[in-house]
Structure formats: C-alpha cells, structure tokens
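One letter stands for each residue in the lines below.
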Amino acid sequence: MLAIRVHQTGGPEVLWLEDVAVPAPGSGQVLIRDEAAGFNFISCYYRTGLYRQALPITLGREAGGTVELVGPGVTTVRQGDRVASETVLGAYAEYAILPAERVVPLPDRVSTRQGAAVMLQGLTAHYLTHSTYPLGGDDTCLVHAAAGGVGLLLCQMASRLGARVIATVSTDEKAVLAKRAGAAEVILYTQDDFVAAVKRLTGGAGVQVVYDSVGRTTFLAGLDCLAPRGMLVLYGQSSGPVEPFDPQLLNQKGSLFITRPTLAHYTASRAELLERAGQVLGWVADGSLQVRVGRDFQLADAAEAHRELEGRRTTGKVLLIP
Ligand SMILES: NC(=O)c1ccc[n+]([C@@H]2O[C@H](COP(=O)([O-])OP(=O)(O)OC[C@H]3O[C@@H](n4cnc5c(N)ncnc54)[C@H](OP(=O)(O)O)[C@@H]3O)[C@@H](O)[C@H]2O)c1
C-alpha cells in the first residue's frame, strides 16, 4: 500500500510517499481501508519534531474508512462497517490500524468523508465549548483563527449554546466564513489591535473566555481581553509555542484562569468518546453542524498540504485522499 512516511524530522520535504506492507491488525485492533485522512496541525508538530515520536512513522491520526479486518477480541465493529477515528496509527495511507476502543461507527446519514473530517476537530470544539468552559447564553467568547478547522466548528457550537462569538481571522475571505459559522463580530487581527477591538465590542467588560489555538502571537494579549475571573483556553500553537510567563500576571489582570487542554483527556474513556462523538455526528446527520472541507489533497501531495496549512492558506478542514 502507499503511505506517507517520515524518517527524519524537518520541513515538508521529509514526507515521503512509500510502498509498504499492509499492516495486520493485532489483538484489539482493526484494519480499515482508508477513504479519507483528516489533516490536522498536530501532524506538522510530529513532522518538525516539536512533538516527539520514534521514527520512522506513518503520519496522521484521523481517518474514515471501511473495516477490512478485525483482530482477535474485537467486538465493537465488524468487517464492512463504516467507521472513523481520531486515534489512528498512521492515517496517511491506503490502509490503517485503529485501536478498537477508539473506533466510532458512523450513522447512515454521515458520509465516511464527513466522519474523517469531523472526528478530531469536531470533538475538540465540543469539549472546549461544553466541558473546558461550558458556554451559556450570558457568555461572550473570543475565538482566534475562527476560519480554521477547529475554529469554524467552535463558532458554530458556541453560537448554538447561545454565546456571543467574537472571532479573529487574517483575511476578509476568512471573515465571511467566520460570520457564516455564527460569529457576531469579526476582527482582522493582522490589521487591527484585537485587544482594543474586544474592549470596544464589549463596552470595556471583556470576554468570559478566550479560545486560543494560535499561541505565541496571541497568548499574552489574550489575557487583556478577559473579564475578571475569565479563562484563557490555550489549546494550540499554530504561530509557535508560548514563552514562559509569570503567574503573577493572572492576579494582576483579574484573577484569571489558564488551561492547556488536549482532546485525549476529554475522551479518555470509551463512554466519553462515544457520548461526544454521538452528539457531534448527530448534528452532522441532521444538518445543524456544517463541516466545511476547504480542500482535498491526494496522498502524494501531502507535502503541499503541509505547506498550505503552515502558510495560513487553508480554511476549514483539509483532507488527504489515499
Ligand atoms: N488541544 C487540542 O485538543 C487540539 C485539538 C485540535 C487542534 N489543536 C491545535 O489547534 C491549532 C489549530 O489546529 P487546526 O488543525 O484547526 O488548524 P487551523 O486553525 O485550520 O489552521 C491554523 C490557522 O492558524 C492561524 N495562524 C495564526 N498564525 C499562524 C502562523 N504563524 N502560522 C500558521 N497559522 C497561523 C491561521 O488562521 P488566520 O490566517 O486566520 O490567522 C491558520 O489558518 C493547532 O495548534 C492544533 O495543534 C489542539
């Protein structure tokens, strides 16, 4: 089968298309024929070495496909089932192994492609808005990079919970997408001072929560957007890792909270994974959650997909098609 492999960390040029053996599912594992692999920023971190993994690896942890074989002891799915997962062991490939307890069967009205597109970013938007800071009708939130993969889903879920969404994006085109996803106001943070804009838009009060996936370039200023006792949820670092900071800042700026959550801890048990996935896939099935696939790339063009994502030229979800 064809797979995108990384033998040494580096730029997009270290992604090699290779012909490798189809893996065999071990005990508690499932082999799927991969219809679409979800592309996520975390793959860039494994490629560059910011996040460490033993090499060589097949990149990618999100996919949708059809079960081809099940290993010993697997009772959750059967051959021929359509499934998706955010814990794939090597999704950038024609076939991939999944731990059976991380496999989610897809409802009839959700396509395999939609499943591949929504598992990681959809479940992330779900835990951020429902668990990390459970939003309500009295809340205003600031969503950075709102036209991105997580961003568009976050805006939709936040507005569905009744919260007012203030979004930041880099271009007018992205502003249109953020508005369509439910943002009440959009700030072009590459042109305008987003702290001043948030203060103006909230009458000086600030927001209850900042959802920050951008990191280095937005983190400190994000603290100045919060109302007293507000929460900064730092869940990513697309501009680079945040510098160390003095916790006294939290006291000085209003007894603030900071958290750095990750999806694995909000889907740790199979029950929690299925509960979140059930809600998210249910909204996709009834049409109330739009999963915008901005672009498809063929597997062989994975390096180009990485360049586009890191160059801020993508919107919504990006899929790799084996
Ligand atoms: N903690 C978790 O559970 C979790 C789960 C999923 C994703 N994440 C993280 O969330 C972040 C976003 O992930 P995603 O896959 O949804 O990506 P994405 O938001 O679709 O793409 C990244 C966006 O970040 C913005 N950005 C700002 N400065 C940037 C820079 N210097 N370089 C590149 N992009 C920049 C760009 O939007 P503008 O052009 O509008 O600025 C860009 O489109 C990543 O750090 C990812 O690892 C975390």
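Here, every reference points to the structure presented above.
I will try to describe carefully the structure that is included in this document.

## As for the overall build of the protein chain
Across its full length, the protein chain carries 10 helices and 16 strands. Relative to the globule expectation of 20 Å for 322 residues, the C-alpha radius of gyration of the protein chain, 20 Å, shows essentially globular dimensions. Its C-alpha atoms give the protein chain principal-axis dimensions of roughly 60 × 40 × 35 Å. Pairs at least 24 residues apart make up 68% of the contacts formed inside the protein chain by residues separated by at least 6 positions. Split by element, the accessible area of the protein chain, about 13500 Å² in all, is 50% carbon and sulfur.

## Focus: the sheet that holds strand β14 (residues 257-259)
Taken in spatial order, the six strands make up an open sheet running β11-β10-β9-β12-β13-β14, and their pairing is parallel. Edge positions in the sheet fall to β11 (185-188) and β14, since each of these pairs with one other strand and no more. The sheet shows a mean angle of 15° between the axes of neighbouring strands, direction not considered. In the packing of helix α2 (residues 112-132) onto the sheet, the strands contacted are β12 (207-212), β13 (226-234) and β14, and the crossing angle to β13 comes to about 150°. Sheet strands touched by helix α3 (residues 149-160): β9 (140-143), β10 (164-169) and β12. Its angle to β9, the strand with the most contacts, is close to 175°.

## What to know about α3
Taking 1.5 Å of rise per residue, 12 residues should cover 16 Å, and α3 covers 17 Å from first to last C-alpha, within 8% of that figure. In terms of burial, α3 is a largely internal element, 10 of the 12 residues being buried.

## Describing the site of the ligand
In the neighbourhood of the ligand, 30 residues make up the surrounding shell, with Tyr45, Tyr127, Ser170, Lys174 and Tyr189 lying closest. A distance of 2.9 Å separates an oxygen atom of the ligand from a polar atom in the backbone of glutamine 237. Between proline 261 and the ligand, the recorded distance is 3.0 Å, taken from a backbone N or O atom to a nitrogen atom. Elements with a contribution of two residues or more to the shell around the ligand: α1 (41-48), α2, α3 and α10 (302-310). When its residues are assigned to classes, the shell around the ligand shows 14 nonpolar, 12 polar and four charged.

## What to know about the sheet that holds strand β1 (residues 2-6)
Strand pairs in the sheet, formed through backbone hydrogen bonds, run parallel or antiparallel to each other. Across the sheet, three strands lie side by side as β2-β1-β4; this open sheet has antiparallel pairing. A single partner strand is all that each edge strand has here, and the edge strands are β2 (15-19) and β4 (57-58). Here β1 runs beside β4; their pairing, made up of two bridges, is antiparallel. In the strand pairing of β4, valine 6 is matched with isoleucine 57.

About the cut-offs
Residues numbered from 1 in each chain as written. Predicted model: local features only at pLDDT ≥ 70, side-chain atom pairs only at ≥ 80, totals over all residues. Heavy atoms only, no water. Helix = DSSP H or I, 4+ residues; strand = E, 2+ residues; numbered from the N terminus. Rg over C-alpha atoms; globule rule 2.2 N^0.38 Å. Contact = heavy atoms within 4.5 Å. Areas by Shrake-Rupley, 256 points an atom, 1.4 Å probe, with all protein chains shown as cover. Pairing = 2+ DSSP bridges. Axes fitted to C-alpha atoms, helices over the stretch in contact; angles between N-to-C directions. Expected span 1.5 Å × (residues − 1). Buried < 20%, exposed > 50% of the residue type's maximum accessible area, 1.4 Å probe, protein only. Near = heavy atom within 4 Å. Polar contact = N/O pair within 3.5 Å; in protein donor to acceptor, adjacent residues only side chain to side chain. Nonpolar A, V, L, I, M, F, W, Y, C, P; charged D, E, K, R; others polar.

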